[in-house]
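Descriptive analysis of the structure
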Amino acid sequence: MIVTLKDTTAAEINAALIENHRETGGTALVHTLITICDSAHYDSVLDEAIDAAREHPARVLMVVHTGGRNNTLDAEIQTSETTPGDVIVLRLSGEIAEHADSVVLPLLLPDSPVIAWWPYDAPKDLAADTIGRLATRRISDCGTAKDSRKALEVRSRHLSPGDSDLCWARITSWRALAAAALDQRPSQVRAIRVEADPTNGPTSLLTAWLALKLDIPVERVDVKGPGGIISLALTTAAGDIEIRRTNGRSAVYRIPGEPARGVALDRRSIGEVMAEELRRLDPDPVQAEVMEALHNGIGQPEAGQPASGRSSARSGKPSSASRKPVSSAGSAAKDQESTK
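I will try to describe carefully the structure that is included in this document. These numbers were taken from a predicted model, which means no experiment stands behind them.

**Observations regarding the sheet that holds strand 7 (residues 137-140)**
Sheets are built from strands that pair by backbone hydrogen bonding, the pairs being arranged parallel or antiparallel. Taken together, the eight strands give an open sheet; going across it, the order is 1-4-5-3-2-6-7-8, and neighbouring strands pair in mixed fashion. Looking at which strands have only one partner, the edges of the open sheet turn out to be strand 1 (2-5) and strand 8 (163-165). With strand direction ignored, the average angle separating the axes of adjacent strands in the sheet is 20°. Both strand 7 and strand 8 contribute to a ladder of three bridges, which runs parallel. Bridge pairing links serine 140 to aspartate 165 in strand 8. Sitting on the sheet, helix 2 (residues 42-55) is in contact with strand 2 (31-38), strand 3 (58-65), strand 4 (72-78), strand 5 (87-93) and strand 6 (114-118), with an inclination near 165° to strand 3.

**Quick notes on the packing of aromatic side chains**
Within this structure, the stated rule accounts for zero aromatic pairs. Taking the ring centre of tryptophan 168 as reference, the NZ or CZ of arginine 175 above it sits at 3.9 Å. In this structure, arginine 175 packs its charged tip against the face of tryptophan 209, placed 5.9 Å from the ring centre.

**Description of the pairing of strand 1**
Along any regular strand, the residues point their side chains to alternate faces of the sheet. Of the two faces of strand 1, the one holding Val3 and Leu5 is buried and the one holding Ile2 and Thr4 is not buried anywhere. In terms of strand pairing, strand 1 meets strand 4 through four bridges, oriented antiparallel. Bridge pairing in strand 4 places leucine 5 opposite alanine 75.

What counts and how
Residues numbered from 1 in each chain as written. Predicted model: local features only at pLDDT ≥ 70, side-chain atom pairs only at ≥ 80, totals over all residues. Heavy atoms only, no water. Pairing = 2+ DSSP bridges. Helix = DSSP H or I, 4+ residues; strand = E, 2+ residues; numbered from the N terminus. Axes fitted to C-alpha atoms, helices over the stretch in contact; angles between N-to-C directions. Contact = heavy atoms within 4.5 Å. Phe/Tyr/Trp six-rings, centres within 6.5 Å; stacked < 30°, edge-to-face > 60°. Lys NZ or Arg CZ within 6 Å of the ring centre and 35° of its normal. Buried < 20%, exposed > 50% of the residue type's maximum accessible area, 1.4 Å probe, protein only.

This is the structure in C-alpha cells:
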C-alpha cells in the first residue's frame with residue numbers, strides 16, 4: 001500500500017501515517033533509520049535500507065534531495081507484507097531541503113534510537129549536520145567515494161562519539177581470518193604485508209588495526225587487481241600466514257604446518273554491511289580507536305612517501321596514555337570478537 005502526499009507538511013504526513021496504521025496495523029519497531037540521498041541514488045539506496053531493516057525492523061525515513069528550486073515537500077508512505085516496518089519517502093526541494101531536520105523531527109519514533117545514514121556524499125562533520133544532531137548514531141560510507149582512501153582520512157579528522165563508517169564492516173572477514181590464524185598458531189608476528197588497490201579505504205583501516213594491535217610497522221603494497229584488499233601476509237616465528245583473494249567470493253588461506261585451503265571471502269553488499277553496523281546501536285569503541293589511529297598516521301605511510309608502490313607504515317606505538325596497543329595474537333583475536 002502506498003499513500004502519496006503532494007506539497008504537504010510534516011503534520012499531514014504524521015496524520016496519514018496514523019491513519020495507515022489503523023487500517024493495516026502497526027508493527028514493533030526498534031529504531032528510526034534516516035537515510036539521506038539524492039534522486040539519482042534513490043532506487044538503490046531504498047532497496048539497501050529495506051534490506052538492512054529486515055534484520056532490524058525500523059521506521060525508515062528516506063530524505064531525498066531532488067535539487068529543484070521550488071519550496072516543495074512531497075511524501076510517500078509505503079507499507080506492505082514485504083516491508084519491514086514503516087517506509088516514509090520525503091522528497092524535498094528549495095529552501096525546505098536546507099531545513100530537512102524540521103520535517104524529520106516530528107516523524108521520529110518516540111523514546112528509541114535514531115540512526116542517520118549517508119550512503120553517498122556525507123558531510124565532513126556528521127555530528128554538526130542538522131540531521132546528524134538528531135541522531136544517536138551517524139553512519140557514512142566512504143567506500144562509495146571515488147577515492148575511499150582519501151575520503152576515510154577526511155572522516156577520521158572529524159570524528160565524534162557515535163560516528164562510524166561502513167568501511168569498518170567491510171574488513172570484518174579479514175580481521176576474523178587473521179585473528180583465527182593467530183589463535184591457531186600463536187607466535188610472535190615479525191612483519192606484516194598488505195596488498196591492495198591504491199585508493200582503497202578499508203585497507204587503511206586494516207593496516208591501522210594491525211599496527212595498533214600488534215605494535216609493528218605494516219608494509220602496504222599498492223597493486224592493481226580485482227579491487228579492494230588483495231592479500232594479507234603475517235610473518236611469524238612459526239612461519240608465514242597468508243590470506244590471498246582469488247576472486248570476489250573466495251580466498252586461499254595458508255597457515256604454518258597445514259596445507260593451503262580455500263575459504264569464503266565474499267565482497268559484501270551495502271545492505272549486508274549496513275545490517276552488521278546496526279547490530280550495535282551504541283558507539284563502537286574499537287572502531288573509534290582505529291579511526292583515531294588512522295588520524296594519527298598509525299599503520300599509514302610516512303609523510304612524503306609515494307601513494308603507490310611499496311610503503312612502510314608506522315607501528316602502533318601510543319601517542320598518548322589513552323592508547324594501549326596489544327602485542328599478543330590472543331589479544332588481537334579477543335578484539336575481533338568484541339566487534340561481532
